[in-house]
Every structure is written in structure tokens, then in C-alpha cells.
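Close look at the chain arrangement
Take a look at the letters that make up each chain.
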Amino acid sequence: MGEKLKIAVQKSGRLKEDSLKILKECGISIDNGKDQLKASAFNFPLEVLYLRNSDIPQYVEDGVADIAIVGENVVIEKQKELDVLQKLGFSKCRLAMAVPKDVDYNGLEYFNGKKLATSYPNSLRQFLDTNNLDCEIHEISGSVEIAPNIGLADGICDLVSSGSTLFKNGLTEVEEILVSEACLVANKNISNLKSAILDRLLFRMKSVLAAKNNKYILLNAPNDKIDDIIKVLPGMNSPTVMPLAKDGWSSLHSVITESDFWGVIDQLKLSGAEGILIIPIQKMVL
Ligand code: PRT
């Protein structure tokens, strides 16, 4: 049996589903038996280890797993020596400081001498040190947002995504410490053989991610408007232009970035484009 690359993914929790989904989109089929701690891919030299997100950085640093899909915030908090290879675009959140909503917050100075509750003591300590703030940190492992209500702390430092947990607990977000999303990380010393497998996996992941960030656009335009429209289209190269059966008209095809989408559509219409179609791209080989 040949060498396999070992990837750690979260056993259960917020990251699990999307982590397995991206592997699937990379064409990797995993034999997912019930309650397994380990699984193998059928069609790629990959072994999957199901672990707790918060334990993953240590396992990758130790080489128990070669690579992992993990929340970037945990990599930063655990201060492990890992290579962050690729941001994956899901489980986006921020580590932020929040105070009770009736506090008259007027800047970072407010925190001097205060008690703060968090599950992220290292990230918080670094932020406080950078800003020359002297605070007492209470490390708690969960339900951080109730700490001010029960008199344990004056403020908190916790992960926020929609903000509804803070709102429900009468807290207001006042400072952002870092932003995070799921990322692919690797041990710093993987073998050449495993590194070659990793390159293949990374190539597939980049193609999947590029496809998600881009759309295929088709439109019709009178021939005398084509030059104006090409100026607006931020294509990969020059757009494809094909004649339509209708005299004096052409069809233009190109690729646009998801984030450019609405701005470009408005400009295209103004430049004379008609029958605009936007189509998802399955894979984009770079
Ligand atoms: O047990 P294990 O170690 O595997 O997992 P975990 O304790 O890290 O827990 P899990 O599954 O909750 O989170 C995994 C990762 O998801 C985190 O490390 C982040 O990278 C990412 N993530 C993204 C989040 C959130 N968004 C998030 N909103 N992790 C936690 N939250 C919590 C937050 O702590 C707070 O309690 O959700 C609440 C706030 O959410 P909103 O939407 O109300 O703002």
C-alpha cells in the first residue's frame, strides 16, 4: 500500500460539514462509517482523522496529522508552528470584545483595570499587550457571553458571527481583535512523498474555490457596442465574441468575480448589453 496523506477534520461541530463538502467537491470519496474516528478515501491517497477542532493544531504540529481543516482563530490561539496554506471561505467569524450595552464606551482605555472573560486568553493577552492595557483575564471554556450578567466580568472577548448571541445577552461589540475562517494548515516537515500528494490536493482545492468566486457571463449586444462592453468586462482574458443569427449582433462570453457582479451588471446594461445570463462554474482550473 502506498503512502497516504493524513488530514484532520473536526469530529463534530460547525466546521465538519463544510470540511467534508470541500473534500467531496475535490472529487474525493470518503468511506464514512458511523462514529468512526478514522476513514480512508477510495480514490485519493488520503486518510481522514476526526478530531476536536481545538486539539487539531497540536496534532498537526506533532505530525499525528499531516494537514488539517481548522478555524484560523484556533491556530492563532494555540500558537503552534504550522503552515497556513489556504483560506477556505467558510466558518467566517471574528474574535471581538464586547461590553454591556448600557456602558458608555469611549475607547480602549475603558478596559484598563477591568475583568474580561474569554476562551481565547492568548489572543486577548496579545491584543491587550499591543495596546498597553492592563486587565484581569478570566479564562472560561464556554458560555462566555453570560459572564458580565452574573458579575464575573466587566466585558468579554469571544467569537462573533451574526452578533445575535451578544444581542440576546445585552452586550455590544466594541473592538475587533482578529477575523477568522476555516483554513487548510500543514505540518512544517512533511515528507517529499506526502508533499506531492498535498500539491495535488491543493491544486484541486484552489480550482474549487476559484469556481465558487467566479461566474460565467453570457450576453448579447449590437456589434457597435462590443468595444464599450469589453472595457467593462473584467474577464480572465479577452472575452469570446460570437456572431448571432440576427444580423449586426453578437454574443459575448466571459468570467466575472462574484464580488464584481452587481456593479458590472449595471454598467453592462448601460452599455447596451441584453439577455444577460450568469451561470455558476463547477471547477476552474488555474
Ligand atoms: O469541540 P471542538 O473543539 O471541535 O469545537 P469548538 O469548540 O472549536 O466549536 P465549534 O464547532 O462551535 O466552532 C468551531 C469553529 O467554528 C470555531 O473555532 C470558529 O473558527 C468557527 N466559528 C464560526 C464559530 C462561530 N462562527 C461562532 N459564531 N465558533 C463559535 N461561534 C460561537 C461563539 O463562540 C458564540 O457563542 O457562536 C456564538 C456567536 O454566534 P453569533 O452568530 O450569535 O454571533
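The coordinates are above.
Summary of the structure given here. (Residues numbered from 1 in each chain as written. Predicted model: local features only at pLDDT ≥ 70, side-chain atom pairs only at ≥ 80, totals over all residues. Heavy atoms only, no water.)

This part takes up the packing of aromatic side chains. What the rule picks out here adds up to three aromatic pairs. On the basis of an interplanar angle of 65 degrees and a centroid distance of 5.7 Å, the ring pair of Y105 and Y110 is categorised as edge-to-face. Each member of the pair, Y105 as well as Y110, is classed as buried. Ring geometry for Y110 versus F111: centroids 5.3 Å apart, planes at 75 degrees, classification edge-to-face. What makes F111 buried here is its relative accessible area of 0%. Linked through ring pairs, Y105, Y110 and F111 together constitute an aromatic cluster. (Phe/Tyr/Trp six-rings, centres within 6.5 Å; stacked < 30°, edge-to-face > 60°. Buried < 20%, exposed > 50% of the residue type's maximum accessible area, 1.4 Å probe, protein only.)

Below, the discussion takes up the pairing of strand β4 (residues 67–71). The buried count for β4 comes to five of five residues, which makes it a mostly enclosed element. Across the two faces of β4 the burial is the same, with I67, I69 and G71 and A68 and V70 all buried. The pairing of strand β1 (residues 5–10) with β4 spans two bridges and is parallel. Bridged to A8 within β4 is A68. Bridging between β4 and strand β11 (residues 182–186) involves five bridges; their strand directions are antiparallel. (Helix = DSSP H or I, 4+ residues; strand = E, 2+ residues; numbered from the N terminus. Pairing = 2+ DSSP bridges.)

Reported here for the largest pocket is a volume of approximately 1200 Å³. Around the largest pocket sit 38 residues that line it, and R14, N53, N73, Y120 and L159 are the ones nearest its centre. If you list the elements that add at least two residues to the lining of the largest pocket, you get α3 (72–78), α4 (121–130), β9 (155–160) and α5 (164–168). Element by element, the count of residues in the lining of the largest pocket is highest for α3, at four residues. Here the lining of the largest pocket is composed, by residue class, of 11 nonpolar, 17 polar and 10 charged. Here the lining of the largest pocket spans two domains, since at least three of its residues come from each of domain 1 (5–90 + 181–211) and domain 2 (93–180). Contributing to the lining of the second largest pocket are 14 residues, with L88, G89, F90, L209 and K212 lying nearest its centre. (1 Å grid on protein atoms, 1.4 Å probe; cavity = no way out; pocket = protein on both sides within 12 Å on 5 of 7 lines; lining within 4 Å. Points joined across faces, edges and corners; volume = space filled by probe spheres on them. Nonpolar A, V, L, I, M, F, W, Y, C, P; charged D, E, K, R; others polar. Domains from an automatic or database assignment.)

Keep in mind that these numbers describe shape and distance, not what the molecule does.
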